[in-house]
Amino acid sequence: MRRYSIFALARNALGYHEGWERAWRSPEPKPDYDAIIVGGGGHGLATAYYLAKEHGLTNIAVLEKGWLGGGNTGRNTTIVRSNYLWDESAALYEHSLKIWEGLSQELNYNVMFSQRGVMNLAHNLHDLRELKRRAHANRLNGIDCDFLSREQVGEYCPLINLSPDIRHPVLGATLQRRGGVARHDAVAWGFARAADARGVDIIQNCEVTGIMREGGRVTGVETSRGTIRAKKIGLVTAGHSSVLAGMAGIRLPVESHPLQALVSEPVKPILDTVVMSNTVHAYVSQSDKGEMVIGAGIDPYVSYSQRGGFNVVQDTLHAIVEMFPMFSRLRMLRQWGGIVDTCPDASPILSKTPIEGLYINCGWGTGGFKATPGSGHVFAHTIARDEPHTLNAPFSLERFTTGRLVDEHGAAAVAH
Amino acid sequence: MLTIPCPWCGERDVHEFRSGGEAHLKRERRADALSDAEWADFLFLRANPKGEHAERWYHVHGCRRWFNAVRNTHTDTILAVYKPGEAKPEAAQ
């Protein structure tokens, strides 16, 4: 891998930018690997990268049915934060946020991580109490979190409508200043390039159609490009987790829902932070291109359609326009849906399964993007050592039987 | 899926309905007789298929009655609707 730097840029500028090497190879699948990661999104590629970097496993493949980052990695609203309520989640998401802070340097790829602050608004007395409780919990866990009064919200983000007579008046907010946004495509590409440089085979257009087992352990996968054998298989296929787990005869506590997002036409910089609201189900930030990136609540029914209903978009825009009246004059450019797999406790599953050699990373619901590097890091540990990392031990499949759930419906920010 | 055919009211806008999740889940009368794994199965585990899905709907802003539907979750096409207590229609099985 040739490193990207100011000198490389200058050198290639002299050559009319025709000398850049491909960011990753496009190899034919080998018949046999030490480990296979199914799913070439951010979490899968990060898992492969950390398997190669920290556990010395380099004979591994990432199988992607479409193109890299074409699923939820390229469909989210790119928000990164770690202000979760319970110790277990706070530790996991904060682990991830700490990796984000050095990720561009580590990958030698600019993921455009911008710590512009994430504000969560309170619109009623219950919100105020819940957010204050979470702010205290965050501080006890060493996570930065400020509580802003209504006036301080106005000083921090003057665009917000602070009028007391709107349907959902703003009464205060929490602010995590270390939170922010990152460029989601670059996260997938950066991890892919860094994993490829360590010898990982990234195989696109390769759909897994079956999981082969012998005597209670996995032996490989059937794919649209033939049979590939491996002793260890990690499923990282958000949205389709139930479908993949079903191939191995496992039922999951997961339901798949469309989550929609949309962007406006680009305008000059006017919003320099991320604003989220649980109560009205809307969140917005401004991309570096100038578009308002707006996220909605999930469509409430099970679906794999990657579309969602128009009424959800309407409800979200009602909320956005009430919070930011000036946005009523913005035209919306694009709308899309991603399929998120939601768990009953709004926490992910990063776990071994009843089948030996089969591991699963799923159930991130509406908030998986922020966890990409940390999730890959601990999941790689789980696969390599055949036992969970301390940070993901609480996020096992067994918790649904033992009852030890990690209820993050408040911090998940999007009800599901 | 912009409209849903309520078996009592006919075709109405999707905004009038609330999704009730997977249909035909049976709660054991003696829940204390179940093992933890069986109870977890009833509470949490779901079919979540990519394809035909039998599910419950509530016409909350209409007749306020529950009914079942079979829908293809990949295309969001509703294949059949039927009233509570009725068996899943043959055509959709």
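Below, the structure is looked at part by part. It should be emphasised that the depicted structure is a prediction, and the values quoted were computed from it without experimental measurement. Each chain has its residues counted from 1, following the order in which its sequence is written. For this description, chains carry letters from A and ligands carry numbers from 1, given in the order in which they are written. Local features in this predicted model are restricted to residues of pLDDT 70 or higher, and side-chain atom pairs are both shown and tallied only at a pLDDT of 80 or more, whereas totals for entire chains, interfaces and linings draw on every residue. Heavy atoms from the whole structure form the basis of all side-chain values; hydrogens and water molecules are not counted.

Describing the overall build of chain A
Right, so step 1: What counts as a helix is a DSSP run of H or I of at least four residues, what counts as a strand is a run of E of at least two, and both are numbered from the N terminus. Check the secondary structure of chain A and you find 11 helices and 18 strands.
Right, so step 2: A globule of 416 residues ought to have a C-alpha radius of gyration of about 22 Å, and chain A, at 21 Å, matches this closely.
Right, so step 3: Taking the principal axes of its C-alpha atoms as reference, chain A extends roughly 65 × 65 × 40 Å.
Right, so step 4: A buried classification covers 60% of the 416 residues belonging to chain A. Each radius of gyration reported is based on C-alpha atoms, and the globular scaling rule is 2.2 Å times the count of residues to the power 0.38. Exposure categories follow from relative accessible area, calculated using a 1.4 Å probe and restricted to protein chains: below 20% of the type maximum is buried, above 50% is exposed, and the middle band is partly exposed.

A short note on the overall build of chain B
Right, so step 1: The helix and strand tally for chain B stands at 1 helix and 6 strands.
Right, so step 2: Along the chain direction, N to C, the helices and strands of chain B fall in the order β-β-β-α-β-β-β.
Right, so step 3: Its C-alpha atoms give chain B principal-axis dimensions of about 40 × 25 × 25 Å.
Right, so step 4: Looking at chain B as a whole, 38% of its 93 residues are labelled buried.
Right, so step 5: The long-range fraction of contacts in chain B, counting pairs at least 24 apart against all pairs at least 6 apart in sequence, stands at 47%.
Right, so step 6: Values of accessible area rely on a 1.4 Å probe in the Shrake-Rupley scheme; residue burial ignores everything except the protein chains shown. Surface summary for chain B: the accessible area is close to 5500 Å², and the carbon and sulfur share equals 47%. We call two residues in contact whenever any of their non-hydrogen atoms come within 4.5 Å of each other.

A word on the packing of aromatic side chains
Residues and elements named next belong to chain A.
Right, so step 1: Any two of the Phe, Tyr and Trp rings considered here, Trp counted by its six-membered ring, make a pair once their centres fall within 6.5 Å; the pair's planes then place it as stacked at under 30 degrees, edge-to-face at over 60, or tilted in between. By the definition in use, this model includes 15 aromatic pairs over all chains.
Right, so step 2: Where Tyr84 meets Tyr93, the ring centres are 3.8 Å apart and the plane angle is 10 degrees; that geometry is what we call stacked.
Right, so step 3: For Tyr93, a relative accessible area of 3% corresponds to the buried category.
Right, so step 4: Cluster of aromatic residues (ring-pair linked, three or more members): Tyr4, Trp20 and Tyr109.
Right, so step 5: Charge over a ring is defined by NZ of Lys or CZ of Arg lying within 6 Å of the ring centre and within 35 degrees of the ring normal. For the cation-ring pair, Lys132 lies above Phe147, with the distance from its terminal atom to the ring centre recorded as 5.1 Å.

Regarding the interface of chain A and chain B
Right, so step 1: Listed by partner, the interface residues are 23 residues for chain A and 23 residues for chain B.
Right, so step 2: Buried area adds together the accessible area that both of two parts lose upon being put together, with accessible area traced by a 1.4 Å probe. Roughly 2000 Å² of surface becomes buried between chain A and chain B when both sides are summed, with 53% attributable to carbon and sulfur atoms.
Right, so step 3: Contact with chain B buries area across many residues of chain A, yet A:Arg251, A:Tyr301 and A:Tyr304 alone supply 31% of it, more than any other trio.
Right, so step 4: Here, a salt bridge means any side-chain nitrogen of Lys or Arg that lies within 4 Å of a carboxyl oxygen of Asp or Glu. The partner of A:Arg251 in a salt bridge is B:Asp41, and the shortest N-O contact between them spans 3.2 Å.
Right, so step 5: We call two N or O atoms a polar contact when they sit within 3.5 Å, provided that within protein one can donate a hydrogen and the other can accept it, with sequence-adjacent residues counted only if both atoms are side-chain atoms. Counting the contacts that link chain A with chain B gives 14 residue pairs in polar contact (both at pLDDT 80 or more).
Right, so step 6: For the side of chain A that touches chain B, the elements supplying multiple residues, two or more each, are helix H8 (241–247), strand S12 (255–264), helix H9 (310–323) and helix H11 (399–402) of chain A.

Observations concerning the nonpolar core
One recurring pattern in soluble globular proteins: nonpolar side chains tend to sit buried together.
All names here are of chain A.
Right, so step 1: Buried residues of nine kinds, namely Ala, Val, Leu, Ile, Met, Phe, Trp, Tyr and Cys, make up a nonpolar core once their side-chain atoms join them within 4.5 Å. Core analysis: the largest hydrophobic core is formed by 50 residues, its most contacted members being Leu45, Tyr50, Trp100, Leu103, Phe191 and Val200.
Right, so step 2: Those elements that place two or more of their residues in this core are strand S1 (32–38), helix H2 (42–55), strand S2 (60–63), helix H3 (87–100), helix H4 (103–107), helix H7 (184–197) and helix H10 (372–385).
Right, so step 3: With near-sequence residues (within four places) excluded, Val200 lies in contact with Arg25, Ala48, Ala52, Thr58, Ile60, Val62 and Ala195.

Quick notes on the pattern of salt bridges
Right, so step 1: In the structure shown here, the tally under the stated rule is 27 salt bridges over all chains.
Right, so step 2: A:Asp386 serves as the salt-bridge partner of A:Lys352, at 3.6 Å between the closest nitrogen and oxygen. Highlighted residues: A:Lys352 in strand S17 (residues 349–352) and A:Asp386 in the loop between H10 and H11, separated in sequence by 34 residues.
Right, so step 3: Of the charged contacts, one joins B:Arg71 and B:Asp76 as a salt bridge, the two residues approaching to 2.8 Å between their closest N and O atoms.
Right, so step 4: By relative accessible area, B:Asp76 is classed as buried at 5%.
Right, so step 5: By sharing partners, the salt bridges in this structure join A:Glu94, A:Lys98, A:Glu101, A:Asp144 and A:Arg178 into a single network.

Note that every value here comes from positions in space, so none of it alone points to a role or purpose.
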